[in-house]
Amino acid sequence: MTITHTSAEVAAAVADAHRREWAFVLAATVRLTRDFDLGEECAQEAFAQALTSWPGDGVPARPGAWLTTVARRRALDALRHESVVRRTLPLLVADDVEPAVDEAADRDGEIADDRLRLICTCCHPALSRETQIALTLRLVCGLTTAEVARAFLVSESTMAARITRAKKKIASARIPYRVPSAYELPARIGAVLDVVHLLFTTGHTAPAGADLIRRDLVERAIDLARMLRVLLPEDADVAGVLALILLTDSRRATRVDPEGRMLLLDEQDRAQWDVREIAEGVSLVREALGRRPGGRYALQAAIAAVHAQSPSWAQTDWREIVALYDALLEVWPSPVVALNRAVAVGFADGPAAGLAAVDALAEEPQLAGYGYAAAARADFLRRLERHDDARVAYEEALLLTENAAERAFLERRLQQLPGLTR
Amino acid sequence: MAQYLVLIYGDEKAHAAGGPKLWEQLHEGHVAFGTKYEHAVAGGNALQDTSTATSIRKDTDGSFVVTDGPFAETKEALGGYYLIEAADLDEAIAIAKDVPMPSGGVEVRPIMVLDMSR
């Protein structure tokens, strides 16, 4: 290759490769080093070398293979010269320790894809959920500790300590660097999908602060779901999660108005919904439910698909949505799902039926501190023109949410109620 | 291979209330566990209940304070342990799930390996 590039072009190519290939490069390097810290160091050095080599040599046809080869060579050098003292943690347990040098394989670019190993280790059930998310962002997405800390709204030193502790547990307790057996795989992939979806939700509805959407987290979640889809193309739950994320994200441009106020589905301009994401999401839902009817994420995605495909709010097929919620409750008997079903009942059969369905859930302790339950009651009471009761319910909902955009929405509804009738 | 200590925690009151029937059931359970994992079990014992425990702490002035009872009062008390050998945590967890635990559960802790060459 003789094409030379400007440094700006190379910087862009390296940044792109970092986002697309980081997990691939690190996963293959860690299999060699059997140590996350050394693996990360070598992978970072490979990206740094790309910045100096690519301007003269050209951007390689397969940047991932180039970077992995460089990172693994660095790792081999380090392992040859490394003193035992350097290593603070025991080696990771890997089930197939490969020959010390497989440079022939590297030369052909035939590098095994170890990303599934990497993400399953990060999301191992012996790690807490917040640790799983932090490790996934750091090791699979390649975020810096500072970036991961920002995503969690904690200080960098707190996050650094959490990541160090997690790496220590993986090494010391011998959490294996391995793709789980066929028997364990569904449950383990389930945990990975929960992490990906939680990451998306955290980005899509930032729980506090002025921004309702954290675009960076949303994009990472989409990248991860797409990566899993490549690794596990036959998995119905993976298809379901990607579908759910795409269909929910397709409405991102209309969730808030230009003043930052949250808009509900009936207020959103459907012409601005992302038709490409909707088309992809709908086809994934069909595939997922065809492969495994009753998948939890696929059913949620199917509900989102009904909204996405409805030309207007008034034409929404609420009976279909209630039926899908019934199916969802079968596989996921959660009070929050029951609440969403109650809201759908309110649109299918009128506000009185909806209010009855919400009130039937009043005993659920999980919903007691949940702002959406009060907000749903308030909305039914408003539509039934029981303004005084609606006012009380809106005020209760306001006490239970800290999200600025959601608060503004509730306050707006509260002000729109006619004056006190007593 | 690595070693793990599987600490068995349970509700002592429930155990006492269970009577000889529960006792026999537990005994059979542990015999079955020991047979199934003969290759992996490196040791293990049941402990007398926490009413027999004595705790010793060192005071700031260097003297010892000896008290009646377990180190920490918890609803579920340490009632026994196994020392097991397993290739990794996944295998250790799979073995630990088979430990009889009528109430409470087990905690799996890797044994620290001291490297004398360092």
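Everything discussed here concerns the structure shown above.
Residues numbered from 1 in each chain as written. Chains lettered and ligands numbered in written order. Predicted model: local features only at pLDDT ≥ 70, side-chain atom pairs only at ≥ 80, totals over all residues.

**Q** Got a minute to help me understand the overall build of chain B in this structure?
**A** For chain B, the count of helices and strands is 2 helices and 6 strands. Ordered by position from the N terminus, the helices and strands of chain B form the series β-α-β-β-β-β-α-β. The dimensions of chain B, computed from C-alpha atoms along their principal axes, are 50 × 50 × 20 Å. The proportion of buried residues among the 118 residues of chain B is 17%. (Helix = DSSP H or I, 4+ residues; strand = E, 2+ residues; numbered from the N terminus. Buried ≥ 20, exposed ≤ 12 C-beta atoms within 10 Å, placed from the backbone.)

**Q** Help me understand the packing of helix α6 (residues 129–140) of chain A against helix α7 (residues 145–152) of chain A in this model?
**A** Residues and elements named next belong to chain A. Contact pair α6 / α7: the axes reach a minimum separation of 9 Å and the direction vectors enclose 145 degrees. The handedness of the crossing between α6 and α7 is right-handed. Two secondary-structure elements touch here, α6 through Ala 134, Leu 137 and Arg 138 and α7 through Thr 145, Val 148, Ala 151 and Phe 152. The residue makeup of the contact of α6 with α7, split by class, is 5 nonpolar, 1 polar and 1 charged. (Axes fitted to C-alpha atoms, helices over the stretch in contact; angles between N-to-C directions. Left-handed = near helix turned anticlockwise from the far one by under 90°. Contact = placed C-beta atoms within 7 Å. Nonpolar A, V, L, I, M, F, W, Y, C, P; charged D, E, K, R; others polar.)

**Q** Would you explain α7(A) in this entry?
**A** Given 3.6 residues to a turn, an α-helix orients residues that are three or four positions apart in the same direction. Residues and elements named next belong to chain A. All buried positions along α7 are accounted for by Val 148, Ala 149 and Ala 151. The buried residues of α7 occupy one face: seen down the axis, they fall within an arc of 160 degrees. On its buried face, α7 sits against α6, α8 (156–172) and α10 (215–231). Positive phi appears at Leu 153, one or two residues downstream of α7, with a value of about 60 degrees. (Arc of directions from axis to C-beta.)

**Q** Sorry if this is basic, but what is going on with the sheet that holds strand β5 (residues 77–86) of chain B here?
**A** The strands that make up a sheet are held in pairs by hydrogen bonds between backbone atoms, and each pair lies either parallel or antiparallel. Residues and elements named next belong to chain B. Pairing in this open sheet of 4 strands is antiparallel, and the strands run β2-β5-β1-β6 from one edge to the other. In this open sheet, the two edge strands, each paired with only one partner strand, are β2 (41–46) and β6 (105–110). Across the sheet, the mean angle separating the axes of adjacent strands is 20 degrees when strand polarity is ignored. Of the strand pairs in this sheet, strand β1 (residues 2–10) and β5 are connected by 9 bridges, and their pairing is antiparallel. By the bridge assignment for β5, Tyr 4 is matched with Ile 84. Helix-sheet contacts for helix α2 (residues 89–96) involve β1, β5 and β6, and the interaxial angle to β5 is about 135 degrees. (Pairing = 2+ DSSP bridges.)

**Q** How should I be thinking about the interface of chain A and chain B in this particular structure?
**A** It is common to report an interface's size as the accessible area lost on association of the parts. The interface is formed by 9 residues belonging to chain A together with 6 residues belonging to chain B. In terms of residue class, the side of chain A that touches chain B is built from 7 nonpolar, 1 polar and 1 charged.

**Q** Whenever I open this one, the pairing of strand β3 (residues 54–58) of chain B confuses me. Can you help?
**A** It is a general feature of regular strands that their side chains alternate between the two faces of the sheet. All names here are of chain B. In terms of burial, β3 is largely open, as just 0 of its 5 residues are buried. The pairing of β3 with strand β4 (residues 64–68) spans 5 bridges and is antiparallel. Looking at the pairing, Ser 55 lines up with Thr 67 of β4.

**Q** Before we go on, may I ask you to explain the environment of A:Val59 in this structure?
**A** Residues and elements named next belong to chain A. If you trace the backbone, Val 59 turns up in the loop between α2 (36–57) and α3 (63–81). Judged by local crowding, Val 59 falls into the buried class, with 20 C-beta atoms found within 10 Å. Separated by 220 residues in sequence, Val 59 and Ala 279 place their C-alpha atoms 33 Å apart. Once residues within four sequence positions are removed from consideration, Val 59 is found in contact with His 5, Val 10, Ala 13 and Trp 54.

**Q** Hey, could you run me through unusual backbone geometry in this one?
**A** Residues apart from glycine generally show negative phi values, whereas peptide bonds are mostly found in trans. All names here are of chain A. One non-glycine residue with positive phi stands out, namely Arg 34, at about 50 degrees. Summarising the element assignment, Arg 34 is placed in the loop between α1 (7–33) and α2. Among the residues examined, Arg 34 registers 19 C-beta atoms within 10 Å and is labelled partly exposed. Even without glycine at this site, Arg 174 takes up a positive phi of about 60 degrees. Arg 174 sits in the buried class, given 23 other C-beta atoms within 10 Å.

**Q** Looking at this structure, I do not really get the packing of helix α15 (residues 335–349) of chain A against helix α17 (residues 371–383) of chain A. What am I missing?
**A** The relative placement of two packed helices is expressed as an angle between their axes plus a distance between the axes. Residues and elements named next belong to chain A. Interhelical geometry of α15 versus α17 gives an angle of 10 degrees and a closest axis separation of 10 Å. The pairing of α15 with α17 is recorded here as roughly parallel in orientation. Packed against α15, whose contacting residues are Leu 339, Ala 342, Val 343 and Gly 346, the element α17 presents Tyr 372, Ala 373, Ala 376 and Phe 380 at the interface. (Parallel < 35°, antiparallel > 145°, perpendicular 65-115°, else oblique.)

**Q** For this particular structure, what's the right way to read the pairing of β2(B)?
**A** Residues and elements named next belong to chain B. Burial within β2 is sparse, with just 0 of its 6 residues counted as buried. Where β2 and β5 come together, 5 bridges link them in antiparallel fashion. Considered in β5, the bridge of Asn 45 is made with Tyr 81.

**Q** What am I meant to see in the environment of A:Ala17 here?
**A** Residue and element names in this part refer to chain A. You can see Ala 17 is positioned in helix α1. Given 23 C-beta atoms within a 10 Å radius, Ala 17 is considered buried. Here the alpha-carbon distance between Ala 17 and Arg 174, two residues 157 residues apart in the chain, equals 31 Å. Setting aside residues up to four positions removed in sequence, Ala 17 forms contacts with Ala 50, Pro 63, Gly 64 and Leu 67.

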